[in-house]
Amino acid sequence: MHDDRTLVESRLKRVLDERIRPAVYPESVPLEVGIWTAPGEPVPVAEGLAAPRTPIAVGDAWGAPWGTSWITVTGTVPKAWAGRTVEALIDLGFDANMPGFQCEGLVYRPDGTPVKGLNPQNQWVRIAAPAAGGEQVLLHVEAASNPVILDYHPFLPTELGDKDTAGDQPQYKLTRMDLAVFDETVWQLVIDLEVLGELMAELPVDGARRWDVLRAVERALDAIDLQDVNGTAAAARSELTDVLAAPAVPSAHRISAIGHAHIDSAWLWPLRETVRKVARTTANMTALLEDEPDFLYTMSQAQQFAWIKEHRPEVYARVQKAVAEGRFVPAGGMWVESDTNMPSSEAMARQFVHGKRFFLDEFGVENHEAWLPDTFGFTGGLPQIIRNAGSKWLLTQKISWSQINKFPHHTFLWEGIDGTRIFTHFPPVDTYNCSMKGSEIAHAARNFKDKGVARHSLAPTGWGDGGGGTTREMVAKAGRMKDLEGSATVRWEKPAEFFAKAEAEYPNPPVWVGELYLELHRATLTSQAKTKQGNRRSENLLREAELWCATASLRTGAAYPYEQLDRIWKTVLLHQFHDILPGSSIAWVHREAEATYAALAAELDSLIDGAQQALAGDSAGGRELVFNSAPHPRSVVPAGGAAPAALGSGACEVIERPEGGFLLRNGLLDVVVDADGLVASVVEVASGRETVAPGTRANLLQLHPDFPNMWDAWDVDQFYRNTVTDLTAVDALTALSAPDQAAVRVARSFGSSTVVQTLTLRAGEQRLDIDTEVDWHETEKFLKAAFPLDVHTERYAAETQFGHLYRPTHTNTSWDAAKFEACNHRFVHLDEPGWGVALVTASTYGHDVTRAVRDTDGGTTTTVRFSLLRAPRFPDPKTDQGLHRFRHALVPGAAIGDAVREGYRIGLPERRVTGSAEQVAPLVQLDNDALVVSAVKLADDRSGDLIVRVYEAGGGRARGLLTTSYPLAGAVPCDLLERPWDGTRGEVAVEDGAVRLALRPFELVTLRLSAAG
């Protein structure tokens, strides 16, 4: 037989496009349309419904950027349509390729009841099935004219990302407003032909199945009268019955489909618009669940459920009903799908605390999977946090985006820094927006890396990022692939059902140890510095507020601010969403975030001040107390307590050098700042060890061009290093001297920007503090601060949640080379046997570490560079413009414990309060610095119990005694939700009114302490 595949396939495409799809709606009549545009921000539903309408016609423009228009459609179902299915077709001016990224609508009945959402892939509203004829139609659409930010030519700078700069030019034109007859037989034929056509394209040409399908499709096309598609569609479908009924082979890959709409809690739209996106999507999905009995839908992010509950209670009632029926499945157990690299230990823990508790309180549901399809890499501390939250599985898709190395597994055990293992799955469909195309299903089967030992994978199915969810077409296509020869089998299954099956069939999966580093989006560790600083400051203030409010409550009987802290935590957790904290959202989002962080800081400072004053006593007492919220003592002030300030010890001096610059001395360090204002030498006095590599200078600011190939705010490509400008020109170099410190101030200018740095040695401290103020007005530039160190090491430590992880300093493999920009929390640490150096930071995350061998002496220079600022122009064209302040410190002679201590200290400065008390004893104390307290708070159940979270911070085994300053009745190990838990691997025992701990490396334990009496 001649090969006529191309002929038939081309025929199929044209007939589908030009004859069959148009015949789905064979008859239509226009609707009358009226519009009212809200003058500012969205208005309540009742106001939108009641507002007067102005006539508008198809083809007319509407919708200024970020505006809201209330559109009313009215009409009458023709009598001739009696007995037929009738739908309203409402096209607001959609682009079919952009669901979730442009205008959207939510349809209401006249009484204000939400019906469903409208988007480019979901433009229909069912009116009657069957119609009686003569029905009056009246629908209202709350239409959001969100502008297109990510257009066909992506990453172009645009002012549309902020309502203050977006202008008022209409963005859309009404395209179709009709009542129409819906021919379900033709619609089903479309699905039949799409499924078979897409399957056929994936089958081998030399296989019989492809030809069977081809001939069946040809017979179906022959059966269609192109002048009477509606009258012949049933006959055409009958020609496809046999090929659609042929069952899959027993070895076929098995796909668990789950309805899904990944909705970014903010990204190319502000938070307030996400509230409406969630309402539109959930209205659609609850309606689809009612229509499709096999369909299941999942949604993560407790915050989004809370938004519906607050803003769209009618939709929330439908969600509650569907959850109770087991068909709308809460997933993930986190407050939002957060970034996981940058949130602190406690913040990462609280993502699960608040997420899981919401699902338990609202639905009585505890899910056991972490659901993070779109997060930009995963910290090595996360497995232990997941396990301590009572969960055991993880799903993500994002690692498939890595640029260089293909991850070797799809199902595996992920081992964290403490040894905890989590059963993990990467869907081989390589998208969290699966649309049930045959190409996607075939790719999942071919791509699955665990063939021969496993055969299950998961496919999150539905339009996402901007929401939308699963469509009726996707459900219909999945139904045909339930058991179809040549295809993977598709079943709607809950995430827990998938994980249980996958785990059962794969008892010995491979193990991946350490972080799951995404070889992409590395610049999200630096973009939008003020958002990142607001996050870090909020985390630190929350630690302080919980500590001092708990102390004041137990010491003085002061009321503990449960509701206030709960609300603040949820706000901070929301802003850790993986497009807010990473700095990849529009200007509007980051402008609001900056204001939110400022308000939270004021609120938390007030709580801290009030608690500390209650503890210090009458301010007229005249005694100054120093409060120390860090987990290590400061001089005479214990961790978590307060005491009078100790007198400074040791002299500091600034000596002018004849050759220019200054020598700073404090008896512990000798620091040379040369005539260029650069650190030419840092000598540890006790050992005589030089810190700065020979022939180099430290605290060198370096400027790179920064124009990645795509994803401007997200990416930095490795070629940025090819060009660098060292900022060595000095505008002013000034010595500053005080009895307890020696300092030099350095002023520079470059491009359109200026920088002032103050380098300080303080009495009694083996640390060089570096305060940097940058007035930044560059674009598409990357600013780093370089510290070339005389240290020979093949690896370095970077702090992460509840510990640290090691990364190579070399580039032996492509996996090593790909980590050219990485994350730290408060420190990086490098050492040789017996001597080390720590670099600590108050608020920066991105850094790089490289090594070189010197020609002069054959020694190794290991250079650490902190990333300070970027200036991408998309999606915020004014990213990071303005004034910024950073704090770093160089700590020579530091062991890992010193790095931990100094890392906490730089972000938790002492507070001084005048009062009558002589001291404030800590609620709890530990006798081993390797055991670090990450949180002290009152139990959320308001029992009055004290919650103390402790982890081993050095990477070794540690024993210690935890004592309390009040009579202790008992100590119970708990999970993160403060429930009794036997998952702790270490030892916890109460002996003589104290708690004896024995923890493994990086092990975390949460203790519930009850007071005696």
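Residues numbered from 1 in each chain as written. Predicted model: local features only at pLDDT ≥ 70, side-chain atom pairs only at ≥ 80, totals over all residues. Heavy atoms only, no water.

Q: What is the right way to read the overall build of the protein chain from this model?
A: Per the secondary structure count, the protein chain includes 19 helices and 53 strands. With respect to the principal axes defined by its C-alpha atoms, the protein chain has extents near 100 × 70 × 60 Å. The buried share among the 1013 residues of the protein chain stands at 62%. Considering only intrachain contacts with a sequence separation of at least 6, the fraction spanning at least 24 residues in the protein chain is 74%. (Helix = DSSP H or I, 4+ residues; strand = E, 2+ residues; numbered from the N terminus. Buried < 20%, exposed > 50% of the residue type's maximum accessible area, 1.4 Å probe, protein only. Contact = heavy atoms within 4.5 Å.)

Q: I tried to follow the packing of helix H7 (residues 271-291) against helix H9 (residues 313-324) on my own but got confused; where do I start?
A: Two quantities define a packed helix pair, namely the angle between the helix axes and the distance between the axes. Running from N to C, H7 and H9 point in directions that differ by 45°, and their axes come no closer than 10 Å. For the element pair H7 / H9, the angle class is oblique. The handedness of the crossing between H7 and H9 comes out as left-handed. Counted together, Ala279, Thr282, Ala283, Thr286, Ala287 and Leu289 of H7 and Val315, Arg318, Val319 and Ala322 of H9 form the full contact between these two elements. For the contact of H7 with H9, the residue count by class is seven nonpolar, two polar and one charged. (Axes fitted to C-alpha atoms, helices over the stretch in contact; angles between N-to-C directions. Parallel < 35°, antiparallel > 145°, perpendicular 65-115°, else oblique. Left-handed = near helix turned anticlockwise from the far one by under 90°. Nonpolar A, V, L, I, M, F, W, Y, C, P; charged D, E, K, R; others polar.)

Q: Whenever I open this one, the packing of aromatic side chains confuses me. Can you help?
A: Inspection of every chain in the model, using the stated rule, returns 40 aromatic pairs. Here the aromatic rings of phenylalanine 358 and phenylalanine 363 are separated by 6.5 Å at their centres, their planes lie at 75°, and the arrangement is edge-to-face. Owing to a relative accessible area of 15%, phenylalanine 363 belongs among the buried residues under this scheme. When the centroid spacing of 5.0 Å and the interplanar angle of 55° are considered together, the rings of phenylalanine 407 and phenylalanine 426 count as tilted. Note that phenylalanine 407 is positioned in the loop between strand E17 (393-395) and strand E18 (411-415) and phenylalanine 426 in the loop between strand E19 (421-425) and helix H12 (438-447), a separation of 19 residues in sequence. Accessibility classification places phenylalanine 407 together with phenylalanine 426 in one group, the buried group. These aromatic residues form a ring-pair network of at least three members: Phe295, Tyr297, Phe305, Tyr316, Phe328, Trp335, Phe358, Phe359, Phe363 and Trp492. A cation sits over an aromatic face here: arginine 472 above tryptophan 124, 3.7 Å from the ring centre. (Phe/Tyr/Trp six-rings, centres within 6.5 Å; stacked < 30°, edge-to-face > 60°. Lys NZ or Arg CZ within 6 Å of the ring centre and 35° of its normal.)

Q: Honestly, the sheet that holds E18 in this entry has me stumped. Any pointers?
A: Two strands in a sheet stick together by hydrogen bonds in their backbones, pointing the same way (parallel) or opposite ways (antiparallel). Within the open sheet, the five strands sit side by side as E16-E17-E19-E18-E22. Their pairing is mixed. A strand with exactly one partner marks an edge of an open sheet, and here the two such strands are strand E16 (369-371) and strand E22 (511-513). The average undirected angle you get between the axes of adjacent strands in this sheet is 30°. By the bridge criterion, three bridges tie E18 to E22 in an arrangement that is parallel. When the bridges of E22 are listed, leucine 413 appears paired with valine 511. Contacting E16, E17 and E19, helix H14 (residues 495-505) runs over the sheet at an angle of about 110° to E17. (Pairing = 2+ DSSP bridges.)

Q: Could you clarify how one ought to interpret the nonpolar core in this entry?
A: Counting residues in each nonpolar core, the largest one holds 250 residues, and the members touching the most others are Ile20, Leu92, Leu946 and Leu1009. Setting aside anything within four residues of it in sequence, one finds isoleucine 20 in contact with Val15, Val186, Leu189, Val190, Leu193, Ile224 and Val229. (Core = buried A, V, L, I, M, F, W, Y, C linked by side-chain atoms within 4.5 Å.)

Q: Would you mind showing me how to read H12 here?
A: The periodicity of an α-helix, 3.6 residues per turn, causes residues three or four positions apart to be oriented the same way. Restricting attention to buried positions, one finds in H12 the residues Gly438, Glu440, Ile441, Ala442, Ala444 and Asn447. In the core, the buried residues of H12 are packed alongside helix H3 (184-202), strand E13 (254-259) and strand E21 (489-492).

Q: Explain the environment of glycine 610 here, please?
A: As for its position among the elements, glycine 610 is in helix H17 (residues 587-616). For the pair glycine 610 and proline 157, spaced 453 residues apart in the sequence, the C-alpha separation amounts to 46 Å.

Q: I'm lost on helix H4 (residues 208-223) in this one. Help?
A: Its 16 residues place the ends of H4 23 Å apart at the C-alpha level, agreeing with the 22 Å of an ideal helix rising 1.5 Å per residue. All buried positions along H4 are accounted for by Arg209, Arg210, Val213, Leu214, Arg215, Ala216, Val217, Ala220 and Leu221. Packing partners of the buried residues in H4 comprise helix H1 (5-20), H3, helix H5 (229-238) and helix H6 (241-245). (Expected span 1.5 Å × (residues − 1).)

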